[in-house]
Amino acid sequence: MDEVTEQQAEQNNQPSYWTSVGIAGVIFGIIVFALSLVTSYAMINSEPSGSLFSPVQLLGIFVCLVGAFGGMLATWHYANEYNISIKLGKGALIGLFTGICITVVYIVFNQIWQFIDPDMTQKAIDSVIANFEASDLPDAQKQQMIDSTVQSMRGQNSIGTQLLYNLPMYGILNVFTGMIGAKVFGKQEG
Amino acid sequence: MQIRQPILYGLVFILVLILVLVAIGGGLFNQSARWPVQWQHQAFNSLCHQMANRSFWINGQPMAVCSRCIGVYSGFALGWMLLPMLSLIRITRLAHIKKVLVVILLFNFIDAAGNLLGLWQNTLFSRAILGGMLGSSAALIFVGDFFHHN
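Residue positions are given per chain, counting from 1 as you read along its sequence in written order. Numbering of ligands from 1 and lettering of chains from A proceed in the order in which they are written. Totals for whole chains, interfaces and linings use all residues, but because this is a predicted model, local features are given only for residues with pLDDT of at least 70 and pairs of side-chain atoms are given and counted only at 80 or more. Heavy atoms throughout the structure, all of them, feed into the side-chain values; hydrogens and water do not.

### Brief notes about the overall build of chain A
Item 1. When its secondary structure is counted, chain A shows 8 helices and 0 strands.
Item 2. Listing each helix as α and each strand as β along chain A from the N terminus yields α-α-α-α-α-α-α-α.
Item 3. When burial is assessed residue by residue, chain A has 47% of its 190 residues classed as buried.
Item 4. In this description, contact between two residues means that some pair of their heavy atoms is separated by no more than 4.5 Å. If you take every contact in chain A between residues at least 6 apart in sequence, the share linking residues at least 24 apart comes to 86%.
Item 5. Only the protein chains shown count as covering a residue, and every accessible area follows the Shrake-Rupley method with a 1.4 Å probe. Surface accessibility of chain A: about 9500 Å² in total, with carbon and sulfur atoms responsible for 62%. Helix and strand assignments come from DSSP, with helices taken as H or I runs of at least 4 residues and strands as E runs of at least 2, each series counted from the N terminus. To sort residues, take the accessible area from a 1.4 Å probe on protein chains only and compare it with the maximum for the residue type: under 20% means buried, over 50% means exposed, and anything in between is partly exposed.

### A word on the interface of chain A and chain B
Item 1. Listed per partner, the contact involves 33 residues of chain A and 41 residues of chain B.
Item 2. By convention, the term buried area covers the 1.4 Å-probe accessible surface removed from two parts as they join, with the contributions of both added. Summed over both sides, the interface between chain A and chain B buries roughly 3600 Å², with carbon and sulfur atoms accounting for 77% of that surface.
Item 3. Between Lys or Arg on one side and Asp or Glu on the other, a salt bridge is scored when a side-chain nitrogen of the former is within 4 Å of a carboxyl oxygen of the latter. For the interface between chain A and chain B, the tally reads 1 salt bridge.
Item 4. As a salt-bridge pair, A:Lys183 and B:Asp145 come within 2.8 Å of each other at their nearest N and O atoms.
Item 5. Polar contact is the term for a pair of N or O atoms within 3.5 Å; when the atoms are in protein, one must be able to donate a hydrogen and the other to accept it, and sequence-neighboring residues count only if both atoms are side-chain atoms. Run the count over chain A and chain B and you get 4 residue pairs in polar contact (both at pLDDT 80 or more).
Item 6. Secondary-structure elements contributing two or more residues to the side of chain A that touches chain B are α3 (60–63), α5 (88–116), α7 (139–155) and α8 (159–185) of chain A.
Item 7. Sort the elements by how many residues they give to the side of chain A that touches chain B and α8(A) lands first, with 11 residues.
Item 8. Polar here means any residue other than Ala, Val, Leu, Ile, Met, Phe, Trp, Tyr, Cys and Pro, which are nonpolar, and Asp, Glu, Lys and Arg, which are charged; Gly is therefore polar. Across the side of chain A that touches chain B, the residue classes tally to 20 nonpolar, 12 polar and 1 charged.

### Here we look at the UniProt feature "transmembrane region" (unreviewed entry) in chain A
Residue and element names in this part refer to chain A.
Item 1. UniProt positions are given in the numbering used here, feature names are shortened, and annotations may be inferred rather than shown by experiment. Residues annotated by UniProt as "transmembrane region" (unreviewed entry) correspond here to residues 21–44, 56–79, 91–113 and 167–186.
Item 2. Helix makes up 100% of residues 21–44 and strand 0%, whereas the separation of the span's terminal C-alpha atoms amounts to 34 Å.
Item 3. Helix and strand shares over residues 91–113 are 100% and 0% respectively, and the end C-alpha atoms of the span are 33 Å apart.

### Remarks on helix α1 (residues 6–24) of chain B
In an α-helix there are 3.6 residues to a turn, and that puts residues three or four apart on one side.
Item 1. A helix is expected to span 1.5 Å multiplied by its residue count minus one. When the terminal C-alpha atoms of α1(B) are compared, their 27 Å separation across 19 residues agrees well with the 27 Å that a helix rising 1.5 Å per residue should span.
Item 2. The inward-facing, buried residues of α1(B) contact α5 and α8 of chain A together with α2 (39–43), β2 (57–58), α3 (67–89) and β4 (147–148) of chain B.
Item 3. Within two residues after α1(B), B:Gly25 carries a phi angle of roughly 90 degrees, on the positive side.

### Observations concerning the UniProt feature "transmembrane region" (unreviewed entry) in chain B
Item 1. Under the local residue numbering, the UniProt record ascribes the feature "transmembrane region" (unreviewed entry) to residues 7–29, 70–88, 100–118 and 124–147 of chain B.
Item 2. The span residues 70–88 of chain B carries 100% helix and 0% strand; its end-to-end C-alpha distance comes to 28 Å.

### Digging into the packing of helix α2 (residues 18–45) of chain A against α5(A)
All names here are of chain A.
Item 1. Close contact between α2 and α5 brings their axes to 7 Å; oriented N to C, the two are set at 45 degrees. One way to sum up the angle between α2 and α5 is to call them oblique. With respect to the hand of their crossing, α2 and α5 are arranged in right-handed fashion.
Item 2. Here the residues of the contact of α2 with α5 are counted per class, giving 18 nonpolar, 6 polar and no charged. What counts as an axis is a line fitted to C-alpha atoms, over the stretch in contact for a helix, and the angles between N-to-C directions run from 0 to 180 degrees. Oblique is the label for every angle not falling under 35 degrees (roughly parallel), over 145 degrees (roughly antiparallel), or within 65 to 115 degrees (roughly perpendicular). Throughout, a crossing is termed right-handed when the near helix is turned clockwise from the far one, and left-handed when it is turned anticlockwise from it by less than a right angle.

### Here's the deal with the nonpolar core
Nonpolar side chains tend toward joint burial in soluble globular proteins.
Item 1. With 84 residues, the main nonpolar core has A:Phe176, B:Phe44, B:Tyr73, B:Trp80 and B:Phe146 as its most contacted residues.
Item 2. Ranked by residues supplied to this core, first place goes to α8(A) with 11 residues.
Item 3. The residues contacting B:Tyr73, other than those within four sequence positions of it, are A:Leu65, A:Leu173, B:Val16, B:Leu19, B:Val20, B:Ala23, B:Phe44 and B:Val65. Residues grouped as a nonpolar core are buried Ala, Val, Leu, Ile, Met, Phe, Trp, Tyr and Cys residues, joined through side-chain atoms within 4.5 Å.

### Examining the side chain of B:Asn115
All names here are of chain B.
Item 1. By the element assignment, Asn115 lies in helix α4 (residues 94–116).
Item 2. According to the relative accessible area criterion, Asn115 is buried, its value standing at 12%.
Item 3. Separated by 3.1 Å, the side chain of Asn115 and the backbone nitrogen of Asn122 make a polar contact.
Item 4. When neighbours within four sequence positions are excluded, Asn115 is seen to be in contact with Arg54, Trp120, Gln121 and Asn122.

### Regarding a nonpolar patch on the surface
Residues and elements named next belong to chain A.
Item 1. In this analysis, a patch consists of residues with relative accessible area above 30% that form no salt bridge, clustered at 9 Å for like charges and at 5 Å for the nonpolar side chains Val, Leu, Ile, Met, Phe, Trp and Tyr. Residues Leu93, Leu96, Ile100, Val104, Val108, Ile112, Ile116, Ile159, Leu163 and Leu167 make up a contiguous nonpolar surface patch of about 740 Å² in total accessible area.
Item 2. Broken down by element, the nonpolar patch gets its largest block of residues, 7 residues, from α5.
Item 3. Tracing the chain through its elements places Ile116 in helix α5.
Item 4. By relative accessible area, which is 53% here, Ile116 ends up exposed.

Encoded structure:
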């Protein structure tokens, strides 16, 4: 019984992780937003090649999964700041909150950008259509691809859709990286 | 064998399986909707470039993530599933796995950079294997954390 009380007291004495969550969430939210912006404008400004996938998308090869590393940064900051060990469950929790924070920051910046450049989505859609038009696909298939891609791009703009997809995805992936961060960066006990 | 934190182990197990199933995309269920509008593709939209010519195809549809990403997810899932067995043979020390993880991460960057600069041409399978090594080594960090043999 005393041991349980001691553990609870130890838990209560642990410093708050919200600063680490906030810092990592904002940094990675901005990175994810900036990368999506760069990709969008690169697509808008590229000449239609007729290829289904333009060379600018190759930039994306380096940004795969980048938003998943927020949990690792948060746990690194938390462990570094207070020089403490982090339990795996706590690392997972820090990762989950960081993932939520990344999503919120990304959506907020996205919405702000809609005011700065309201035509961006339409220009991106026009660029995609021009690219499909220049392709060698049969007309029926070309039209189907244009319709579905345009529908998908329009849908991605709403806050609801962004929350629906990004919240669980960034949440889950950052749970994993939060745990990895807790294991790698937390002070080893014993 | 002692099991520590079974709820956390089980939760991650379920989440990573769900992630792999979603990442495989609509082809697995032979969905009729065109792949750009499938919910699996929308879900991974901001996490992966999703270039169809750099992804595996199932039933005439590309997976929702590229070959390297599916390698990472499935490698992590496989590593996680093998944790009980790996803790039995005590193959690892954390310091070694950390180094292996960093080396494999570097290999992935070098592979992507070399391909981008035209130094070599990687393939679907080479990317998937490198991604799989990254995912499984990330899972192996947890050997001994959830299962303990006396």
